[in-house]
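Breakdown of the fold
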Amino acid sequence: MTLLALSDVTAAYDRTPILRDVDLAVDEGEIVGVMGKNGVGKSTLMKTVIGLLEPESGTITYRGEDVTGLSADDRARRGIGYIPQGRDVFPKLTVEQNVRMGETINADSDEYLYESVYDYFPVLEERADQSAGTLSGGEQQMLAIARALVANPDLLLLDEPSEGIQPSIVDQISEDMQAINDELGTTILFVEQKETISGYLAV
Amino acid sequence: MANWLNLAFQFLDSFAFIVLAAAGLAIIFGIMGVINLAHGEFILVGAYATTLAVKAVGLPLPAAMLAGAVVTAGFGLVVERTIISGAGPNWVWERLEPRLSAALPDQAAAVLPSGPLIEPLYDRLADSMVATFGLSLIMVQGARIVFGNSIDQVATPFGEVAYGAFSYSAYRLVLAGVSVALLGLVYYVFTYTDYGMRARAVIQDDRTARALGVNTERTYAATFALGSGLAGLTGALFAPVISMQPTLGSQFLVEAFVAVVVGGASVVLGTALSAAGLGAIESVFSNQYGTFFGRIALLLTAILALRFLPGGITGYIERVRKRRRRES
């Protein structure tokens with residue numbers, strides 16, 4: 001079943017078109033990667049899917065419903081977990097509070113996956129009371145994934161997870177994403193510049 | 001001995017006054033980036049609502065004070081939806097515009113704005129000052145037209161505490177206690193509740209908060225209502241001790257703004273530290289040289305703080321912390 005579909009989506013920043021007539025379909029349970037160099041509109045694509053950017057034309061359907069006119073918070077509450085480029089953790093909140101911020105995603109489920117999240121990323125449990133701004137880049141990436149994952153979303157959007165992170169951690173995160181897809185059945189849509197991560201994630 | 005007690009009471013008095021004057025303003029400024037120049041008039045709403053609840057409705061004073069705070073919070077919510085976020089007028093315009101442009105000749109319809117009428121005033125410091133200054137003028141004159149130049153005051157409760165040749169209003173001691181409790185409450189709300197955590201996340205990065213399912217508009221509306229409610233509580237608490245006239249809000253403004261500027265961005269810590277520091281300075285100078293010099297010392301401190309601590313006390317603390325972290 002198709003979970004997410006974009007048809008003829010055109011999006012622009014200040015009238016400069018970035019995406020033109022994009023079609024994309026993601027089936028439930030899939031991992032889909034979109035590869036491309038810097039500046040081709042990968043982040044714009046992700047922002048359009050989550051709703052931080054309103055498309056000029058075209059439609060976005062999620063679970064068969066047209067969500068094009070909905071705001072980002074509304075889409076997140078329907079079960080889309082977004083992991084922004086550059087992580088964007090809340091630096092002055094603690095690690096634990098950052099994870100709790102993800103509870104508003106997927107409003108239909110009251111069940112939170114703290115155990116699984118801390119199983120995948122034990123370092124976050126060790127640093128629960130530390131403020132998120134003091135974590136390393138790789139740890140912040142794990143935190144952003146944990147935050148998006150805790151409310152058990154149906155779809156994860158990963159925007160350049162390898163950016164600014166050392167290769168060994170990139171490998172580990174790729175394995176974790178594969179495991180999350182296998183074990184929790186979460187559908188994943190990611191964008192990347194480098195081949196490294198797509199090598200791990202079966203596209 | 002008696003003079004030390006005098007000084008201590010004077011300090012408690014200034015501390016309570018500064019904390020209560022500044023708390024609502026600090027929350028709205030710190031979280032929404034809105035400078036509310038009508039802050040004094042929100043205090044006016046709380047004071048008048050309390051006084052009228054006692055005099056006209058016959059409520060006991062504590063219940064009337066609670067009512068004063070709640071009325072002001074509700075009033076703040078209306079102000080947020082109409083002036084600060086513009087959601088109300090935009091909603092009306094969205095429905096009115098198609099009908100209006102259908103009824104008007106084409107040329108006239110073409111000049112009607114098609115999008116929203118009002119852009120939210122969040123994080124637009126100068127614009128929010130102009131809008132709320134206008135609101136403040138309307139409210140002062142409105143209060144004068146409706147209620148006249150003054151209304152009957154409620155009596156100060158609790159009587160006096162006597163020591164040696166001096167005596168001190170017991171109610172002012174209660175105010176000092178309330179101001180400390182209020183700081184504790186605000187700290188609790190912003191540190192331990194879900195609302196507080198979301199509000200802090202929204203200050204740090206509202207786009208990401210929205211992408212995580214937080215209804216940021218509701219967070220802003222709740223924050224403005226909370227800040228207004230605190231201003232209303234200040235008005236309610238001071239209703240028995242200040243004279244009830246339409247301009248009563250202005251006497252809180254200097255302390256409120258000085259405390260926010262000196263305190264810096266952190267709402268609770270900033271307000272507590274600046275109230276303690278400014279309260280100490282004001283009370284020592286008032287005690288030694290009279291109230292007039294107390295006020296001058298307060299303003300001089302504000303000028304020095306602006307020059308040497310542009311980020312306020314908490315901005316300075318943050319800088320020191322960062323430097324330590326880099327060195328370690």
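Definitions and limits used
- Residues numbered from 1 in each chain as written.
- Chains lettered and ligands numbered in written order.
- Predicted model: local features only at pLDDT ≥ 70, side-chain atom pairs only at ≥ 80, totals over all residues.
- Helix = DSSP H or I, 4+ residues; strand = E, 2+ residues; numbered from the N terminus.
- Rg over C-alpha atoms; globule rule 2.2 N^0.38 Å.
- Contact = placed C-beta atoms within 7 Å.
- Pairing = 2+ DSSP bridges.
- Axes fitted to C-alpha atoms, helices over the stretch in contact; angles between N-to-C directions.
- Nonpolar A, V, L, I, M, F, W, Y, C, P; charged D, E, K, R; others polar.
- Core = buried A, V, L, I, M, F, W, Y, C linked by C-beta atoms within 7 Å.
- Buried ≥ 20, exposed ≤ 12 C-beta atoms within 10 Å, placed from the backbone.
- Parallel < 35°, antiparallel > 145°, perpendicular 65-115°, else oblique.

Within chain B one finds 14 helices and two strands. Relative to the compact-globule value of 20 Å for 328 residues, chain B shows a C-alpha radius of gyration of 22 Å, a close match. When the backbone C-alpha atoms are referred to their principal axes, chain B occupies close to 80 × 65 × 35 Å. Sequence-distant contacts in chain B: of pairs separated by 6 or more residues, those separated by 24 or more amount to 74%.

Residues and elements named next belong to chain A. Within the open sheet, the four strands sit side by side as β3-β8-β7-β6. Their pairing is parallel. Taken across any chain shown, the strands that pair with only one partner, and hence form the sheet edges, are β3 (31-35) and β6 (80-83). Strand-to-strand twist in this sheet, taken as the mean axis angle between neighbours without regard to direction, amounts to 15 degrees. Taken together, the four bridges between β6 and strand β7 (residues 155-159) define a ladder with parallel strand orientation. The residue of β7 that forms the bridge with Ile80 is Leu155. Where helix α1 (residues 42-50) meets the sheet, its contacts fall on β3, β6, β7 and β8 (187-192), and the angle it forms with β7 comes to roughly 150 degrees.

Here we take up the interface of chain B and chain A. Contacts between the two partners involve 14 residues from chain B and, on the opposite side, 21 residues from chain A. Where the side of chain B that touches chain A is concerned, the elements lending two or more residues are α8 (194-204) and α9 (206-211) of chain B. When the residues that make up the side of chain B that touches chain A are grouped by side-chain class, the tally is five nonpolar, five polar and four charged.

Bringing the nonpolar core into the picture now. In this structure, Ala146(A), Leu157(A), Ala22(B) and Ala259(B) are the most contacted members of the largest nonpolar core, which totals 145 residues. Counting residues per element, this core draws most heavily on helix α1 (residues 2-32) of chain B, at 19 residues. Apart from residues no more than four positions distant in its own chain, Ala259(B) is found in contact with Ile18(B), Ala21(B), Ala22(B), Thr271(B), Ser274(B), Ala275(B) and Leu278(B).

Residues and elements named next belong to chain B. One can describe the packing of helix α2 (residues 39-57) onto helix α6 (residues 125-147) by two numbers: an axis separation of 9 Å at closest approach and a directional angle of 30 degrees. As judged from the angle between their axes, α2 and α6 are roughly parallel. For the pair α2 and α6, the contacting residues are Gly40, Glu41, Leu44 and Tyr48 in the first and Ser136, Met139, Val140, Ala143 and Phe147 in the second.

That is the geometry; function is a separate question.
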